[in-house]
Amino acid sequence: MMQSTSVHYTLRPVSPEAHLFEASVTVSQPAKNGQIFSLPAWIPGSYMIREFSKHIVSMTAESGGKPVSVRQLEKNSWQADPVKGALTLRYQVYAYDLSVRGAYLDSERGFFNGTSVFLAADGYQDEACAVDIEAPAGKSYADWKLATSLPATDVKKKSGFGRYQASSYDELIDHPVEMGVFKKVIFKACGVPHEFVVSGRFQCDLKRLADDAKKICEYQIKLFGEPAPFERYVFMLFVGKDIYGGLEHRASTALVANRDDLPAAGAAEISDGYLKLLGLISHEYFHSWNVKRMKPAAFTPYDLNREGHTRLLWAFEGITSYYDDLTLVRCGLIDEKRYLGLLAETITGVQRGAGRMKQTLEQSSFEAWTKYYRQDENSPNSIVSYYTKGSLAALALDLLIRRDSKGKQSLDDVMLALWKKWLADGKGLQEDEWEKIAIETTGLKLKPFFDLALRSTQDLPLAELLASQGIEMQFEAAQGAADRGGVVDAFAGKPALLTLGVKTAADAAGVKLAQVLDGGAAQAAGLSGGDVVVALDKLRAADLDKQIARYAAGDKIKLHAFRRDELMTFDVTLQAAPEDTCRLKSLPDGGKWIAGR
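Bear in mind the structure is a predicted one, so any value in this text is a computation, not a measurement.

Undergrad: I keep staring at the layout of surface pockets and nothing clicks. Help me out?
TA: In this approach, a probe sized like a water molecule rolls over the atoms, and the result shows the empty space that is left. Approximately 520 Å³ is the volume found for the second largest pocket. Considering the residues around the second largest pocket, the lining is formed by 27 residues, among which Tyr169, Asp170, Pro301, Tyr302 and Leu304 are closest to the centre. Of all the secondary structure elements, the ones that give two or more residues to the lining of the second largest pocket are β3 (36-38) and α2 (169-172). Split into classes, the residues belonging to the lining of the second largest pocket amount to 11 nonpolar, 8 polar and 8 charged.

Structure (structure tokens):
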């Protein structure tokens, strides 16, 4: 049982129909000049100012049964008048964010991250606290249960509602909570209890989901070395329609995915949707080491009131993105050919973005707050993803180390060295420290590679490095809108189709140009992102790729499009599709690194 604490929180779903949580925070010895409270402006793992305080709809305070005045100091901070004795602040939070980043509540389900609902008491952030989480009132909520990785002190065994504890405010907000009527499956990975909680409406083979997740977890625990850095772990998955995402935490992860991506009962194969979900599970679990513990010095500690810039996101998100799919093949869930197909798709995605020639990986990392998380119609032309290009940089580094060490070392050795450092000192990495540890660990001259991969816009030497592992790589023109690259037995060299150089979206009036790509026919003709094409050569616009298929490169067509409420005409000269689609071919005995050999 936890000892008495200076800060005590309560939280209950006071009105699920109105999406309202009611919370309180009691400070036993408030500051003499007036206790200050604040709410984070962002959540670790999602690098964008979210302004969670905008969802607080009411606030009152009391001490000794008497009301206390509270005034707002800044957008996310408040100060109560000085009092003698304990001070309690009560407030309501509007919760209707279905993502993994905020809080959600309706008559079927509740979910929250602590950054959305728990106000920090200034001066007490490093002290232990208790929190009582209550079930909503009423018979219709009698079957609700609660799932979280927060340490429990006095909870109802059947439902999970009750009292929890945290050693600090930082720990309090790093354990999301799921509540409602959900299904749960339990398994152990390397002896550590794991729970997989699934909510939403679905049909699923939960045992298979647990069995597959166990393979992922055990591989990653053994990669870094037992014991795992947590005593218990909870996966929280909400399934719906057209949703996808995840957010890592120190002993849990929150996930959202399409219900159709879950494994169906009796299905033996891994569908593309289920593969995507397994990759997400693998990615967020790998973060248990790479960013929740090993992290940039800029995040040690987190300053949740303002942006925390670092040039190292490529190492923490990009490398995690490299290992997420690699884990799937190394733990036996997919074969090497399917892994190479995923790799070809990643290479294709990076190659198709002109932004890779304008933004370095270090810039991409540093500018995540203003560019990656605030994308617009020009983003493919101006930015490169530290996730996808970062994963390719990790691949290139892994293959380079293997080649130049003659197979004696790999990126695994660097990750283990970083982990041992964290276990020894618990400190964040300075901006140049990741590279130094990689060089010291391998004994190789890696600085020229880092200069090229991280601080230049040159393409990575993937063809050369893959060839050293028996994998040939070529780029060809896409053979249709759905062609994202893949594995081939032979390079086909098929004739290039035509392209307008656009990405489209459905629109009631016609075909919306979501993005117009650099160097494409549409951009050359003056079309812009947001334009809605209504006609192509006087025929209603429907499927633009299909409609231009009967033309030849160099032919001119006329497009009519609305820009805002103005009808405009554009003369477009059609172009052959560029050679930006990756094909990988495995030679006999090629790809040994995939299995870790």
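That was the structure; now back to the text.
Undergrad: When you look at empty space enclosed by the protein in this model, what are you seeing that I'm missing?
TA: In total, this model carries 3 cavities of 30 Å³ or more according to the counting rule given. For the largest cavity, the calculated volume is near 50 Å³. Every residue along the wall of the largest cavity is listed here: Leu98, Ser99, Val100, Arg109, Phe111, Glu178, Met236, Phe238, Ala254, Leu255 and Val256. Those elements that provide at least two residues to the lining of the largest cavity are β10 (109-112), β19 (233-240) and β21 (252-258). With 3 residues, β21 is the largest single contributor of residues to the lining of the largest cavity. Its residues assigned to classes, the lining of the largest cavity comprises 8 nonpolar, 1 polar and 2 charged. As a volume, the second largest cavity reaches approximately 50 Å³. Among the residues forming the lining of the second largest cavity, the class breakdown is 4 nonpolar, 1 polar and 3 charged.

Undergrad: Teacher, can you tell me more about the packing of helix α11 (residues 433-442) against helix α12 (residues 447-455) here?
TA: Axis angle and axis distance: for two packed helices, these are the angle between their axes and the distance between the axes, and together they describe the pair. Between α11 and α12, whose axes approach to 11 Å, the crossing angle comes to 145°. Read as a crossing pair, α11 and α12 show a hand that is right-handed. On α12, the residues touching Trp434, Glu435, Ala438 and Ile439 of α11 are Lys447, Phe450, Leu454 and Arg455. Taken together, the residues that form the contact of α11 with α12 break down as 5 nonpolar, no polar and 3 charged.

Undergrad: Whenever I open this one, the sheet that holds β19 confuses me. Can you help?
TA: Within a beta sheet, neighbouring strands are joined by backbone hydrogen bonds and run either parallel or antiparallel to one another. In space, the 5 strands of this open sheet follow the order β17-β18-β19-β21-β20, with mixed pairing throughout. With one partner strand each, in any of the chains shown, β17 (183-189) and β20 (245-248) form the two edges of the open sheet. Neighbouring strand axes in the sheet, compared pairwise and without regard to direction, differ in orientation by 15° on average. Bridge count between β19 and β21: 7 bridges; the pairing is parallel. Bridging across to β21, Gly240 finds its partner in Asn258. Along the sheet face, helix α4 (residues 272-286) touches β18 (192-199), β19, β20 and β21 and points at about 160° away from the line of β21.

Undergrad: Can you help me understand the packing of aromatic side chains in this one?
TA: Remark: the centre distance and the inter-plane angle together describe each pair of aromatic rings, the angle taken between the planes. Applying the stated criterion to the full structure yields 36 aromatic pairs. Between Tyr47 and Tyr373 the ring centres are 6.3 Å apart and the planes differ by 85°, which places this aromatic pair in the edge-to-face class. On the criterion of sequence distance, the pair formed by Tyr47 in the loop between β3 and β4 (56-63) and Tyr373 in the loop between α7 (361-366) and α8 (379-382) is long-range, its members being 326 residues apart. We classify Tyr47 as buried; its relative accessible area is 1%.

Undergrad: Is there a simple way to think about the environment of Asp174 in this case?
TA: Along the chain, Asp174 falls in the loop between α2 and β16 (177-180). Of the residues examined, Asp174 reaches a relative accessible area of 7% and is grouped as buried. Ignoring any residue separated from it by four or fewer positions in sequence, one finds Asp174 in contact with Glu248, His249, Arg250 and Lys292. At a separation of 3.2 Å, a polar atom in the side chain of Asp174 contacts the side chain of Lys292.

Undergrad: How do you make sense of the sheet that holds strand β9 (residues 103-105) when you look at a structure like this?
TA: Spatial ordering of the open sheet is given by β9-β10-β16-β13, a layout of 4 strands whose pairing is antiparallel. What marks the edges here is a single partner per strand, and that holds for β9 and β13 (145-148). Taking each pair of neighbouring strands and ignoring which way they run, the sheet shows an average axis angle of 15°. Both β13 and β16 contribute to a ladder of 4 bridges, which runs antiparallel. The partner of Lys145 across the bridge, within β16, is Gly180.

Undergrad: Would you mind showing me how to read the pattern of salt bridges here?
TA: Where charged atoms of side chains with opposite charge meet at close range, the side chains can pair. One pass over the structure, following the stated rule, counts 37 salt bridges. Residue Arg250 is joined to Asp170 by a salt bridge in which the shortest nitrogen-to-oxygen separation is 2.6 Å. Taken together, the positions of Arg250 in the loop between β20 and β21 and Asp170 in helix α2 put the pair 80 residues apart, joining distant regions of the chain. Classification of Arg250 as partly exposed rests on a relative accessible area of 21%. Here the salt bridges share partners, and the residues they tie into one network are Glu362, Glu435, Lys447, Asp451 and Arg455.

Undergrad: Is there a simple way to think about the pairing of strand β26 (residues 510-516) in this case?
TA: In terms of residue burial, β26 counts as a mostly covered element, since 5 of its 7 residues are buried. Direction of pairing for strand β25 (residues 502-507) relative to β26: antiparallel, over a ladder of 6 bridges. Counterpart to Ala505 in the pairing with β26 is Lys512. If you look at the hairpin formed by β25 and β26, you'll find 2 residues sitting between the two strands. Where β26 meets strand β27 (residues 532-536), 2 bridges bridge the pair, whose relative direction is antiparallel. Each residue of the ladder has a partner; that of Val511, found in β27, is Val533.

What counts and how
- Residues numbered from 1 in each chain as written.
- Predicted model: local features only at pLDDT ≥ 70, side-chain atom pairs only at ≥ 80, totals over all residues.
- Heavy atoms only, no water.
- 1 Å grid on protein atoms, 1.4 Å probe; cavity = no way out; pocket = protein on both sides within 12 Å on 5 of 7 lines; lining within 4 Å.
- Points joined across faces, edges and corners; volume = space filled by probe spheres on them.
- Helix = DSSP H or I, 4+ residues; strand = E, 2+ residues; numbered from the N terminus.
- Nonpolar A, V, L, I, M, F, W, Y, C, P; charged D, E, K, R; others polar.
- Axes fitted to C-alpha atoms, helices over the stretch in contact; angles between N-to-C directions.
- Left-handed = near helix turned anticlockwise from the far one by under 90°.
- Contact = heavy atoms within 4.5 Å.
- Pairing = 2+ DSSP bridges.
- Phe/Tyr/Trp six-rings, centres within 6.5 Å; stacked < 30°, edge-to-face > 60°.
- Buried < 20%, exposed > 50% of the residue type's maximum accessible area, 1.4 Å probe, protein only.
- Polar contact = N/O pair within 3.5 Å; in protein donor to acceptor, adjacent residues only side chain to side chain.
- Salt bridge = Lys/Arg side-chain N within 4 Å of Asp/Glu carboxyl O.

So far we have only geometry, and geometry alone does not tell us how the molecule works.
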